[in-house]
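In case you want the letters, here they are:
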Amino acid sequence: MYTPLEEIQHKHQRVVDSFHKGKAQSLDYRKDQLRNLYFAIKDNQGKLKEALFKDLHRPPHETDVLELFLVYSEINAALSHLSKWSSDTKLSGDKRLLLSGPVLRKSPYGAVLIVSPWNYPYLLSLAPICSAIAAGNTVVFKPTEIAEHSTKALCEVLEATLDPDTFQVVQGGPEQATALLELKWDKIFFTGSTPVGRIVAQAAAKHLTPVTLELGGKSPVIVTKTANLPLAAKRIAWGKFTNAGQTCIAPDYLVLEKPIAEKFLVEFSNAIKALYGADLTKDSPDYAHIVSARLWERQQRLVSETKGTISLQHGTPDAESLFFPPTIVTGVSSDDVLMGDELFGPILPVMTIDNMKEAPKLIQKHDYPLALYLFSTDSTEQENLLRNTRSGAAIVNDTLIQGGSSAVPFGGVGTSGTGRYHGKFGFDEFTHERPILYQSELAEMAMSLRYPPLTESKMKKLRFVSLPREWFSRTGPVRGLAGRLWG
Ligand SMILES: NC(=O)C1=CN([C@@H]2O[C@H](COP(=O)(O)OP(=O)(O)OC[C@H]3O[C@@H](n4cnc5c(N)ncnc54)[C@H](OP(=O)(O)O)[C@@H]3O)[C@@H](O)[C@H]2O)C=CC1
Ligand SMILES: CCCCCC(=O)O
């Protein structure tokens, strides 16, 4: 009988061995795995949605719209395009290699570790698992222990569906994750908080393992005086309060241009009531709850410690059910407690600026966020802000849409993450593009100059044409050279 640590080591070794035996290599094998996964999720979607309702009071339709629909799209994209994604890319541009036919071979990394969080437990597990399998890797998956019902339901489905030689689950929390991180992986894919992302990056560095980090950050949403205020209010309310704000790309804080601040807040209050009803309570069917007592208390503490004004709390926090209502805090300064760590909940601090010139400096006070949202109908204003800020993604006049598509890469920058996935970007994230050249015997003549003895006459033939400075002139080589020849 294995000890828990021995069991983890055994699972790791099993997927390493099966990778080296080439079991996950064939496209047919990969497609069979993905096809089985697709129908297993479909056949168990009711059980999965029920489980997440128990963990997060997550409205079942929100699980469909924000998780399962993208999972189906991811698997379908992989099944539809895998032959093309995995085919060699021919390389050109160097006449010296004409005879060696260089290609990029789409090679799997090998045995990969995938670690996922609790807030979108199906999407944030199944999307990287899909990409890893599509790219021909073998996988050990460590789900969260915090969303216990959805983790149990998901792991039952995965273990009943995927080949145990190439896919293993290690359930547990930080202790199990730490034991897994001690082992040598060919790739690690981590989704979670920035602090834990640092731990993962340090562990990966010990083995020089390539790592993808899907982390968090304080994503700003800016509303300017040119915005369509009712539409902005509705889209921001949806993006902020979906999953009770427990979304890595949720707007974290709101920046309003002063001339429209008051009017926008009225529209925003109306939008919240339109989405969640005039009387939002713990039993409202369309609103999720906070995942744990610890994190519910964190929201409560943040509200008690802020120096801002609670201008709207649309409902009464309930410790027993972990219901925490949309809470708008105005008059927040940059050093307020709400402007510290990522809020990851339904509290929205509101700051105002006299004009848009102040926005970049305000945003740059924080690490690069996962997302930046701008509501404006002025293209110059849009480009100015985009040019002077950095973020994992930037969305103009909407929220969250970048996280739900197989056509758009999803990832951070700086402390909000490294790497990206979804769709072909996910296949590429789990693929090493291996250059392969097939040298021809016929190339021997062209290559004879490289062999010793490297006589002076050989070196003369080898001397590369040294290009004049004008070749690199800003006006381009032709004009540059013409200028040189004819002054
Ligand atoms: N970029 C993205 O795609 C996303 C980013 N996030 C970010 O994730 C955070 C919220 O998720 P949350 O689950 O709380 O994040 P955590 O970083 O706490 O946990 C992420 C995963 O790491 C595990 N873990 C926790 N502590 C350690 C540790 N010390 N060493 C190794 N592994 C550990 C967790 O296990 P366990 O859960 O069992 O404790 C979980 O499986 C937010 O910051 C959010 O922004 C969330 C969703 C998507
Ligand atoms: C709508 C897509 C959500 C992606 C996961 C997150 O942002 O936490």
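Note that the structure is predicted; figures quoted are calculated from it, not measured.

On to the overall build of the protein chain, then. In terms of helices and strands, the protein chain carries 17 helices and 18 strands. A burial count over the protein chain gives 52% of its 487 residues as buried. A sequence separation of at least 24 residues applies to 71% of the contacts in the protein chain between residues at least 6 apart. As displayed, the protein chain has an accessible area near 23,300 Å², and 56% of this comes from carbon and sulfur atoms.

With that settled, consider the site of ligand 1. The local shell around ligand 1 holds 30 residues, among which Ser 116, Thr 144, Ser 193, Leu 215 and Glu 342 are the closest. Between ligand 1 and Gly 192, the relevant distance is 3.2 Å, taken from an oxygen atom to a main-chain nitrogen or oxygen of the residue. Contact between ligand 1 and Leu 215: a nitrogen atom at 2.7 Å from a main-chain N or O atom of the residue. Protein coverage of the free-state accessible area of ligand 1, which is 880 Å², stands at 90%. Elements represented by at least two residues in the shell around ligand 1 include exactly α7 (174–182), β6 (187–191) and α8 (194–207). Counting residues per element, the shell around ligand 1 draws most heavily on α7, which supplies four residues. A class-by-class count of the residues in the shell around ligand 1 yields 16 nonpolar, ten polar and four charged. Three or more residues apiece are contributed to the shell around ligand 1 by two domains, here domain 1 (5–215 + 421–433) and domain 2 (220–411).

It is worth spelling out the packing of aromatic side chains at this point. In this structure the tally under the stated criterion is 13 aromatic pairs. Site record: aromatic cluster; members linked through ring pairs are Phe 189, Phe 410, Tyr 421 and Phe 430. Lying across the ring of Tyr 72, Lys 42 places its NZ or CZ 4.3 Å from the centre. Its end group placed over the ring of Tyr 120, Arg 58 keeps NZ or CZ at 4.8 Å from the ring centre.

Bringing the sheet that holds strand β13 (residues 371–375) into the picture now. A sheet is described by the order of its strands in space; here seven strands give the open sequence β10-β11-β12-β9-β8-β13-β14, paired in mixed fashion. At either margin of the open sheet sits one strand with a lone partner, and together these are β10 (309–313) and β14 (393–396). Averaged over all neighbouring strand pairs, the angle between strand axes comes to 20°, with direction disregarded. Bridging between strand β8 (residues 220–223) and strand β9 (residues 253–257) involves four bridges; their strand directions are parallel. Paired with Val 221 across the two strands is Leu 254, which belongs to β9. Set on the sheet, helix α10 (residues 258–276) makes contact with β8, β9, β10, β11 (327–330) and β12 (347–353); between it and β9 the angle comes to about 135°.

Attention now goes to the site of ligand 2. Taken together, Leu 66, Asn 119, Tyr 120, Leu 124, Thr 247, Cys 248, Ile 249 and Gly 403 make up all the residues around ligand 2. Asn 119 places a polar side-chain atom, nitrogen or oxygen, 2.9 Å from an oxygen atom of ligand 2. Separating an oxygen atom of ligand 2 from a backbone N or O atom of Ile 249 is a distance of 3.3 Å. Grouping the constituent residues of the shell around ligand 2 by class yields five nonpolar, three polar and no charged.

Note on interface size: it is often stated as the accessible area lost on association of the parts. For the protein chain, the domain assignment lists domain 1 (5–215 + 421–433) and domain 2 (220–411). Distance between the C-alpha centres of domain 1 and domain 2: 30 Å. Listed per partner, the contact involves 24 residues of domain 1 and 27 residues of domain 2. Of the roughly 2,000 Å² buried between domain 1 and domain 2, counting both surfaces, carbon and sulfur atoms make up 57%. One can count zero salt bridges joining domain 1 with domain 2.

What counts as what
Residues numbered from 1 in each chain as written. Chains lettered and ligands numbered in written order. Predicted model: local features only at pLDDT ≥ 70, side-chain atom pairs only at ≥ 80, totals over all residues. Heavy atoms only, no water. Helix = DSSP H or I, 4+ residues; strand = E, 2+ residues; numbered from the N terminus. Buried < 20%, exposed > 50% of the residue type's maximum accessible area, 1.4 Å probe, protein only. Contact = heavy atoms within 4.5 Å. Areas by Shrake-Rupley, 256 points an atom, 1.4 Å probe, with all protein chains shown as cover. Near = heavy atom within 4 Å. Polar contact = N/O pair within 3.5 Å; in protein donor to acceptor, adjacent residues only side chain to side chain. Nonpolar A, V, L, I, M, F, W, Y, C, P; charged D, E, K, R; others polar. Domains from an automatic or database assignment. Phe/Tyr/Trp six-rings, centres within 6.5 Å; stacked < 30°, edge-to-face > 60°. Lys NZ or Arg CZ within 6 Å of the ring centre and 35° of its normal. Pairing = 2+ DSSP bridges. Axes fitted to C-alpha atoms, helices over the stretch in contact; angles between N-to-C directions. Buried area = accessible area lost by both parts, 1.4 Å probe. Salt bridge = Lys/Arg side-chain N within 4 Å of Asp/Glu carboxyl O.

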